[in-house]
Each structure stands twice: as structure tokens, then as C-alpha cells.
Amino acid sequence: MENFDAAPKKSKKLKKVSPGVFVVGLIVVLAIILALTSFFEVDATEQAVITRLGKYNRTVGPGLQMKLPLGIEKSYNVPTMVVQTEQFGFQADEIPQEISQENKPEEARMLTGDLNIVDVEWTIQYKIVDPVAWLFNVSDKQGTIRDISQSVINLLVGDRAILDVMSSERSSIEALAQDYMNENFDQLGLGINVT
């Protein structure tokens, strides 16, 4: 009988990783994960609200900030220095399509005190003054702002004659609307101020 194994077989040896190298690699990976989940940046126009295990802990200002890692603390950036806008009664690019098609014509049409119908277009501008209240007190913030603003304008327009709404009482309606809206937003604890 002939032996057909002409070439000797080479045995492949697996290189074993020493426990020391494995532990060092694990520590490096863990350190990277801790570093990535511990630091966050807050823009100059924002404040960050920090929660620890879902409960309010603190508010921090702009810059590179630190928190407890691995989801123990979470940060929520709130634009407190930005003037935000809500527009009523007219089409704008910032307003989502479904709102502009369904609600715009109806929200602009109002009944005046002398039983005339008038189309009123208005814009409110507001700033977030209390980021904690903004985040936690009201769930539908935009809907609440829009509903209160619309009810205040309806109230003020409904108390006046059409000619007053269109001319002499216009600045009075604006000033009263700002005061009434801010009162309502304060009562709800929304954390905003209409400017």
C-alpha cells in the first residue's frame, strides 16, 4: 500500500488572548462608553434641564456640561433665548400643511360685537422663561399656545364693533391680548412669556 500523504500537515495554532489584554481592552471600551454618555453640549441660546432617573435634578447653562453616564441622568436642551413664533389666520411656510389646510380659514373668521364677521390675522412671539415648566407642565405645548391665543383674540374682537377692530382699537387689542395671554400661560404654568 502506498501512502498518498506526500506533504506533512501543518497544525494551526490559535493565538490565545491573555486575560490581562482582555481586561485592558474591556476597560478601554467601558471608558469610551462612559465618556460618550457623560458629556453634552448646550448651545449659547439654550439651557439644559437635567433629570436623574426621570426626576428633575438641575438646570445648566451654555457650554460643555457633564452628567452621570449610562442613562442615569438625561439632558433636555430648551431654546430659552430664541423668540418663537405662532401665526394665525394666514398661510406661512413654517406651519405644517395639515394645519394650514384645515384650521386656517376657520381660525381667522370671527364675529364682532356688532354681529359682523371679520377675518383677523395675527402673530404671537414668545420666549421660554422657565425651561422646567416648559418641559414638564403641559404635554401639548403648541396646541395649548394656539388655543389660548385664539380664545383671547376671539374674546377681544367679540367685545368690539367691526370698525373699532379695523382701526382705533387695534393697538388696544394687541396690548390686552398680550396681557391676557401671559396671565393664562402663567396660570397653566407653561413657562413662556408673550413678547
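Data block above holds the structure.
S.K.: Teacher, can you tell me more about the overall build of the chain here?
M.R.: Tallying secondary structure elements over the chain gives seven helices and ten strands in all. A burial count over the chain gives 32% of its 195 residues as buried. A sequence separation of at least 24 residues applies to 64% of the contacts in the chain between residues at least 6 apart. With the model as given, the accessible surface of the chain reaches about 13,300 Å², and the carbon-plus-sulfur share is 56%.

S.K.: Just checking my understanding: could you explain the sheet that holds strand β6 (residues 84-88) for this structure?
M.R.: To summarise the sheet geometry, strands pair through backbone hydrogen bonds and adopt either a parallel or an antiparallel arrangement. Strand order across the open sheet formed by three strands is β6-β9-β10, with antiparallel pairing between neighbours. With one partner strand each, in any of the chains shown, β6 and β10 (192-194) form the two edges of the open sheet. Mean inter-strand twist for the sheet, computed between neighbouring axes without regard to direction, equals 30°. The strands that helix α7 (residues 170-188) touches are β9 (122-128) and β10; relative to β10, the one it contacts most, it runs at about 170°.

S.K.: I tried to follow the side chain of N182 on my own but got confused; where do I start?
M.R.: Its place among the elements puts N182 in helix α7. Looking at N182, the relative accessible area reads 12%, which means it is buried. At 2.6 Å, the side chain of N182 and the backbone nitrogen of V194 are in polar contact. Ignoring sequence-local partners within four residues, the contact set of N182 consists of I192, N193 and V194.

S.K.: Is there a simple way to explain the packing of helix α5 (residues 141-158) against α7 in this structure?
M.R.: Two numbers describe a pair of packed helices, the interaxial angle and the distance between the axes. The interhelical angle for the contact between α5 and α7, taken along N-to-C directions, is 140°, at an axis separation of 9 Å. Regarding the angle of α5 to α7, the classification is oblique. With respect to the hand of their crossing, α5 and α7 are arranged in right-handed fashion. From α5, T144, I145, I148, S149, V152, I153, L155 and L156 reach across to α7, where they touch I173, L176, A177, Y180, M181, N184, F185 and L188. When its residues are assigned to classes, the contact of α5 with α7 shows 13 nonpolar, three polar and no charged.

S.K.: Explain the nonpolar core to me, please; I cannot follow it from the model alone.
M.R.: Of all hydrophobic cores here, the largest spans 27 residues; its most connected members are I124, W134, I145, I153, M181, F185 and I192. Elements represented by at least two residues in this core include exactly β9, α5, α6 (162-166), α7 and β10. Looking at this core element by element, the count peaks at six residues for α5. If near-sequence neighbours (up to four positions away) are discounted, I145 is found in contact with E86, I124, Y126, W134, F185, L190 and I192. Formed by five residues, the second largest nonpolar core is a distinct cluster that contains F40, V42, I50 and V60.

Each value, and the rule that gives it
- Residues numbered from 1 in each chain as written.
- Predicted model: local features only at pLDDT ≥ 70, side-chain atom pairs only at ≥ 80, totals over all residues.
- Heavy atoms only, no water.
- Helix = DSSP H or I, 4+ residues; strand = E, 2+ residues; numbered from the N terminus.
- Buried < 20%, exposed > 50% of the residue type's maximum accessible area, 1.4 Å probe, protein only.
- Contact = heavy atoms within 4.5 Å.
- Areas by Shrake-Rupley, 256 points an atom, 1.4 Å probe, with all protein chains shown as cover.
- Pairing = 2+ DSSP bridges.
- Axes fitted to C-alpha atoms, helices over the stretch in contact; angles between N-to-C directions.
- Polar contact = N/O pair within 3.5 Å; in protein donor to acceptor, adjacent residues only side chain to side chain.
- Parallel < 35°, antiparallel > 145°, perpendicular 65-115°, else oblique.
- Left-handed = near helix turned anticlockwise from the far one by under 90°.
- Nonpolar A, V, L, I, M, F, W, Y, C, P; charged D, E, K, R; others polar.
- Core = buried A, V, L, I, M, F, W, Y, C linked by side-chain atoms within 4.5 Å.

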